[in-house]
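What the coordinates show
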Amino acid sequence: MSPEFLPGNRLTLLNSGAEYFPALLAAIDAAALEIFLESYIFAADPVGHEVAAALCRAAERGVQVNVTVDGFGARNFTADFLPRLTAAGVRAMLYRPEIGRFHMRRHRLRRLHRKLVVIDARIAFVGGINIIDDDNAPEEMRPRYDYAVHIEGPILRPMHHAVRRMWEIVAWVNFKRRFRLDPPLLPPAEVSGSQSAAFLIRDNIRHRNDIVHAYMEAIATAQHEILIANAYFLPGVRFGLALQAAARRGVAITILTQGKTDHPMLQYATQALYAVALEQGIRIFEYEKSFMHAKVAVIDGQWATVGSSNIDPFSLLLAKEANLVIDDAVFAGQLQASIKAALASGSREIRRDDLSRQPWHSHFMRWLSYGLVRVLVGLTGYGPKHWRADEETPGVSPDPIEE
């Protein structure tokens, strides 16, 4: 299914927390009726406490404030924030709270990875930025590099529906009947700008493949340039074949991924794929200036996406994600310029000679990590038979191990 683009939106690209959190806090302080906030992480640091204080102020002046955080990513939320928020009238819940010992089961890796805020059904934010200070990281990894979008316009309609639906599901699972929602506000249908956008989610029911299919469709029709900046880049075979096919027809492809990482095994697994990509003429860069957390792409200077979804099996097969896809040359040009600035100022290009000089044990570690990631996904119940697209993507031949 192709994304449903709605025209008439006003979209503002926000680069990292330095631009995102002032805009978010101002919107929370201006809220009049309701706030929905979803985040994978809600850290007990200066930014986390500032956002919590703003949410409390909103609740105290009568705004219905609904906060949903992931039970693993924000596993200290109950101790760090819940009493304070509850006392102020904020309604907060955990999605799949971590209880008891570690078990390698599918549901444990099904996380709420969305970073999504909708305020008064009139303003929204979506992207990859959690509620965490950009400097809440080891010194050599500061500050985080990431993106979000400030949104006004008709695209609020599916976004507002998505946050209400998530709240209702989590409340039902947690028996929080007192957390019932008021009748829904009606998001504005009037034109707020001139930009077209589609809102995509990934879940395990009706929208299992929406985000990956949007990527695949855009890659299959690319004519000039594909620019991807993604923190955890471990595509499946079909996605990789689509990139290779684009490279063979002359599309310039550049991938920017992490140089400094918080998940070494995933980084090693990604590096196992470098040789094949380089042989196809795909350029690969690692961002070394700080910790890169972005999940964005620009294709042909017109199509762009900003969201929470990594290009790895955990995002594409297991987590709940949210991405905005934009069909607008102005927005795409802004994002493209920002990514290329990061390429120029903070990244290192990986070349074939770099790989050939690596010792054998480095190659072994990379392929071992790649195998372990595949095994991990298989243990959760998402082996090859589940890594299959439900629909064929134009221009890409079917492959049995890609969602």
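One can find the structure itself at the top, above this paragraph.
All of the points below concern the structure found in this document. (Residues numbered from 1 in each chain as written. Predicted model: local features only at pLDDT ≥ 70, side-chain atom pairs only at ≥ 80, totals over all residues. Heavy atoms only, no water.)

**What to know about the pattern of salt bridges**
As enumerated under the stated definition, the model contains ten salt bridges in all. Residue Arg-164 is joined to Glu-168 by a salt bridge in which the shortest nitrogen-to-oxygen separation is 4.0 Å. Here the residue Arg-164 and the residue Glu-168 both occupy positions in helix H5 (residues 156–173), the gap between them amounting to four residues, near one helical turn. Residue classification places Arg-164 among the buried positions, given a relative accessible area of 11%. Residue Glu-168 is classed as partly exposed on the basis of its relative accessible area, which comes to 36%. Each of Arg-283, Glu-349 and Arg-351 takes part in one network of salt bridges that share partners. (Salt bridge = Lys/Arg side-chain N within 4 Å of Asp/Glu carboxyl O. Helix = DSSP H or I, 4+ residues; strand = E, 2+ residues; numbered from the N terminus. Buried < 20%, exposed > 50% of the residue type's maximum accessible area, 1.4 Å probe, protein only.)

**Re the packing of helix H6 (residues 210–221) against helix H7 (residues 237–248)**
Between H6 and H7, the shortest axis-to-axis distance is 9 Å and the interhelical angle comes to 15°. What the angle tells us is that H6 and H7 run roughly parallel. For the pair H6 and H7, the crossing hand works out as left-handed. Along its contact with H6, which presents Val-212, Tyr-215, Met-216 and Ile-219, the element H7 presents Arg-238, Phe-239, Ala-242, Leu-243 and Ala-246. (Axes fitted to C-alpha atoms, helices over the stretch in contact; angles between N-to-C directions. Parallel < 35°, antiparallel > 145°, perpendicular 65-115°, else oblique. Left-handed = near helix turned anticlockwise from the far one by under 90°. Contact = heavy atoms within 4.5 Å.)

**A look at unusual backbone geometry**
Following Arg-142, the chain continues to Pro-143 via a peptide bond in cis, the omega torsion being -10°. Its identity is not glycine, yet Ser-16 carries a phi of approximately 65°, on the positive side. Along the chain, Ser-16 turns up in helix H1 (residues 16–30). Accessibility expressed as a relative area gives 8% for Ser-16, which makes it buried. Unusually for a residue other than glycine, Asp-300 sits at a positive phi of about 55°. Topologically, Asp-300 is positioned in the loop between strand S12 (295–299) and strand S13 (303–307). Taking relative accessible area as the criterion, Asp-300 reaches 26% and is therefore assigned partly exposed.

**Things to note about the pairing of strand S2 (residues 34–39)**
Buried residues dominate S2, accounting for six of its six residues. Side chains Glu-34, Phe-36 and Glu-38 project from S2 onto one buried face, and the interleaved Ile-35, Leu-37 and Ser-39 project onto a second face that is buried too. Judged from the six bridges that link them, S2 and strand S3 (residues 64–70) form a sheet pairing that is parallel. The partner of Ile-35 across the bridge, within S3, is Val-65. As a crossover connection, the stretch from S2 through helix H2 (residues 46–60) into S3 is right-handed. (Pairing = 2+ DSSP bridges. Right-handed = clockwise from strand over helix to strand, strands pointing away.)

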